[in-house]
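Descriptive analysis of the structure
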Amino acid sequence: MERGKMAEAESLETAAEHERILREIESTDTACIGPTLRSVYDGEEHGRFMEKLETRIRNHDREIEKMCNFHYQGFVDSITELLKVRGEAQKLKNQVTDTNRKLQHEGKELVIAMEELKQCRLQQRNISATVDKLMLCLPVLEMYSKLRDQMKTKRHYPALKTLEHLEHTYLPQVSHYRFCKVMVDNIPKLREEIKDVSMSDLKDFLESIRKHSDKIGETAMKQAQQQRNLDNIILQQPRIGSKRKPKKDAYTIFDTEIGSTSPKSEQDSGILDVEDEEDDEEVPGAQDLVDFSPVYRCLHIYSVLGARETFENYYRKQRRKQARLVLQPPSNMHETLDGYRKYFNQIVGFFVVEDHILHTTQGLVNRAYIDELWEMALSKTIAALRTHSSYCSDPNLVLDLKNLIVLFADTLQVYGFPVNQLFDMLLEIRDQYSETLLKKWSGIFRNILDSDNYSPIPVTSEEIYKKVVGQFPFQDTELEKQPFPKKFPFSEFVPKVYNQIKEFIYACLKFSEDLHLSSTEVDDMIRKSTNLLLTRTLSSSLQNVIKRKNIGLTELVQIIINTTHLEKSCKYLEEFITNITNVLPETVHTTKLYGTTTFKDARHAAEEEIYTNLNQKIDQFLQLADYDWMTGDLGNKASDYLVDLIAFLRNTFAVFTHLPGKVAQTACMSACKHLATSLMQLLLEAEVRQLTLGALQQFNLDVRECEQFARSGPVPGFQEDTLQLAFIDLRQELCSQGTSHMDKW
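Residues numbered from 1 in each chain as written. Predicted model: local features only at pLDDT ≥ 70, side-chain atom pairs only at ≥ 80, totals over all residues. Heavy atoms only, no water.

Attention now goes to the overall build of the chain. Counting its secondary structure elements, the chain contains 26 helices and two strands. A burial count over the chain gives 41% of its 745 residues as buried. In the chain, the share of contacts with a sequence separation of at least 24, taken over all contacts with a separation of at least 6, comes to 80%. Of the accessible surface of the chain, which amounts to about 43,000 Å², a share of 51% is contributed by carbon and sulfur atoms. (Helix = DSSP H or I, 4+ residues; strand = E, 2+ residues; numbered from the N terminus. Buried < 20%, exposed > 50% of the residue type's maximum accessible area, 1.4 Å probe, protein only. Contact = heavy atoms within 4.5 Å. Areas by Shrake-Rupley, 256 points an atom, 1.4 Å probe, with all protein chains shown as cover.)

Moving on to the environment of Arg324. Relative to the elements of secondary structure, Arg324 occurs in helix H11 (residues 308–326). Sequence spacing of Arg324 and Ala377 is 53 residues, and the spatial spacing of their C-alpha atoms is 8.1 Å.

As enumerated under the stated definition, the model contains 22 aromatic pairs in all. Between Tyr433 and Phe511, the aromatic rings sit 4.8 Å apart at their centres with planes inclined by 20°, giving stacked as the arrangement. One end of the pair, Tyr433, is in helix H15 (residues 420–451); the other, Phe511, is in helix H18 (residues 493–512), and 78 residues separate them in sequence. An identical accessibility class is assigned to Tyr433 and Phe511; each is buried. Of the aromatic side chains, those joined through ring pairs into one cluster are Tyr465, Phe472, Phe474, Phe484, Phe488, Phe490 and Tyr498. Above the plane of the ring of Tyr369 lies Arg316, whose end atom (NZ or CZ) is 5.4 Å from the centre. The residue whose ring lies beneath Lys502 is Phe576, and the NZ or CZ to ring-centre distance is 5.1 Å. (Phe/Tyr/Trp six-rings, centres within 6.5 Å; stacked < 30°, edge-to-face > 60°. Lys NZ or Arg CZ within 6 Å of the ring centre and 35° of its normal.)

Here helix H21 (residues 570–581) is 12 residues long and its end C-alpha atoms lie 17 Å apart, about the 16 Å a rise of 1.5 Å per residue gives. When we look at burial in H21, the residues that qualify are Cys570, Leu573, Glu574, Phe576, Ile577, Thr578 and Thr581. (Expected span 1.5 Å × (residues − 1).)

One covalent bond between the sulfur atoms of two cysteine residues makes up a disulfide. Here the structure, examined in full by the defined rule, presents zero disulfides. With no disulfide of its own, Cys706 has Cys672 as its nearest cysteine by sulfur position, at a separation of 7.9 Å. Taking the relative accessible area as the measure of exposure, Cys706 reaches 0% and is therefore buried. (Disulfide = S-S within 2.5 Å.)

Take unusual backbone geometry next. Cis geometry marks the peptide bond from Phe484 to Pro485; its omega dihedral reads -5°. The topology assignment puts Pro485 in the loop between helix H17 (477–481) and strand E2 (486–487).

Okay, the nonpolar core next. Ranked by size, the top nonpolar core spans 168 residues in total, and within it Phe344, Ile610, Leu614, Leu649, Phe653, Leu675 and Leu679 carry the most contacts. Broken down by element, the residue count for this core peaks at 13 residues, all from helix H24 (residues 661–684). When neighbours within four sequence positions are excluded, Leu649 is seen to be in contact with Leu614, Ile618, Ala671 and Phe709. (Core = buried A, V, L, I, M, F, W, Y, C linked by side-chain atoms within 4.5 Å.)

Our next topic: the packing of H15 against helix H19 (residues 519–546). With their axes 9 Å apart at the nearest point, H15 and H19 run at an angle of 35° to one another. Handedness of the H15/H19 crossing: right-handed. Across the interface between the two elements, Arg430, Ser434, Glu435, Leu438, Trp441, Ser442, Phe445, Arg446 and Leu449 from H15 touch Met525, Ser529, Leu532, Leu533, Arg536, Thr537, Leu538, Ser541, Leu542 and Val545 from H19. Per-class residue counts for the contact of H15 with H19 are 10 nonpolar, five polar and four charged. (Axes fitted to C-alpha atoms, helices over the stretch in contact; angles between N-to-C directions. Left-handed = near helix turned anticlockwise from the far one by under 90°. Nonpolar A, V, L, I, M, F, W, Y, C, P; charged D, E, K, R; others polar.)

This next bit is on the confidence of the model for the chain. Residue-level pLDDT values for the chain average 78, and 86% of them are 70 or greater. The low-confidence segment residues 238–280, where pLDDT is below 50, has 79 contacts with residues more than four positions distant or belonging to other chains. (pLDDT = per-residue confidence, 0-100.)

A separate point is a nonpolar patch on the surface. On the surface, a nonpolar cluster with roughly 530 Å² of combined accessible area is contributed by Ile127, Val131, Leu134, Met135, Leu138 and Leu141. Tracing the chain through its elements places Val131 in helix H4 (residues 108–152). Residue classification places Val131 among the partly exposed residues on the basis of a relative accessible area of 40%. (Patch = residues over 30% accessible without salt bridge, like charges linked within 9 Å, V, L, I, M, F, W, Y side chains within 5 Å. Salt bridge = Lys/Arg side-chain N within 4 Å of Asp/Glu carboxyl O.)

Encoded structure:
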């Protein structure tokens, strides 16, 4: 029973499920009926479902039949109407076909035109798109073309700026084009090319600067010379003199407009040709000689490329090498002044360029670098000058060298370089200059003394007299009163030597100019050099003349007279030095002239030479003595040789009238003593073993002749019988010999 109930319940559920499926089939789109049918076949009651489906289909067919039967008349009417319409539709179709045919025929050209218009519209759209794209690409291409033109014309810094704009502004807008990628790939290569080309320009500039440093230095030194001349002219005027040209004015020789570079300067190597200017024309500025744009461009390029430090190191390294080359003097520099001038011009040119670079660039070179180079240059320059100047034997060349060194120092001082060591070195060269002057004046004095006639200067007119007095400070009222012709007591070498001493002083003064020395230092330098001239050079020249073998007594006497007057002129030399240095002799530490000592020594040497010469002459006469100690003849006159000797002495002492009294007296006394001594030796010589009365008589006559000469006063100033005392020993010996002989007799 229960089983039957359960079966009935299941049958009801199945029927309800089939009903649901049927409703779902009726209401669902046929595309989605698959899942519904699958649920039927998944179950076990699909047979019963098919029965129900057939039943439902029959029900729907009956409903359709009923509906058709109900509307059949209307359907028939509709069919009738449709048949009528078909005829009309056929007519309309024919008309439409005919109209279409006509339209197709008539619209064929329009279709062609429309097709052409379509193509034109398409082309127009494509052209418009192309123009838009080209408008984006054209600036890129223009910038690239501009870049190539700038590189072709070697405008590297603008090219680098253009490259920066191209890379960061224009290329990103068209980066998807293939040619842009090629450009992007070429940008590093272009940068390297710009870098290499700018470095090549810098190398050309450095090479040109090295070759033309002397021209740059010559220009700077000419400007310094012009400024110094102008300062000297202004200082000589009554108003207050102007000071040294300001340092900033020195830079006007360069073009400080770094940024503005002409097309010509863009392409040149840094040096322009400028012909030599005349001395009276304006000296060209160095901006006419140097174009620094290669340095500035290369500096800017390397700065933009982030390699400024590399550039600075390279520039400094190359300039150090050039400095060493510039500072190496040529081996024959000492031969001419042009050798020194070219050497200085190169150094000045080098440092003028570096100083300009220092003040027109930021950090390319710094003061420490410049000071280091200058210290090296200063030491090498001073060493070279010491070496080469030591070969100079011409004082004029040494003086010109000094002036050149002063100009060299003044030029560099304008640019702020310390030059004290150069002036200290000039003090060393001053000593060498003094030595060369002494050598030169030694030859001058030798020529004067050799060419002198050692005779008093004759004057036949007032004009000649004034000329001599103008050359030498001499005053003698008695001589002035004498009528013409008359003679000065001294020979021609006195005014000549005096004037040459003054010329020497002038030469010393010339060297002291522009050395920034005080008047006292100049005075001291002149006095010391003059003392060397007097005590060493002139003294040596006088001594050489005095010691000559062929010197005569007349010449020696004249030398004594000349040195006496030169000795008196020393005070005038003192005044002369005082006048040119404006330093009074009474000033503390002022060196005194030793001229008095020099001329005294020379005079004393001449006096000694006179004494020696007189004695030699006496000996020459005594060599003629030929005494016959065994003769029996009694003579009645003095020997001929002695008579000639006494005559010679009288004539000689007559020349001594212009000598100082003591000199003449000493010479006379010396001669008499030497004569007495020589006669004594003749009388007492070992070979004389026996004397006759006749021999003693002859010797006695000779001694009396000598005593007579002494009593005659050949030289004034002797007291009575003073000169005879020279023969007293000889007389006593002769008396002794006579007494002994008489005893034997």
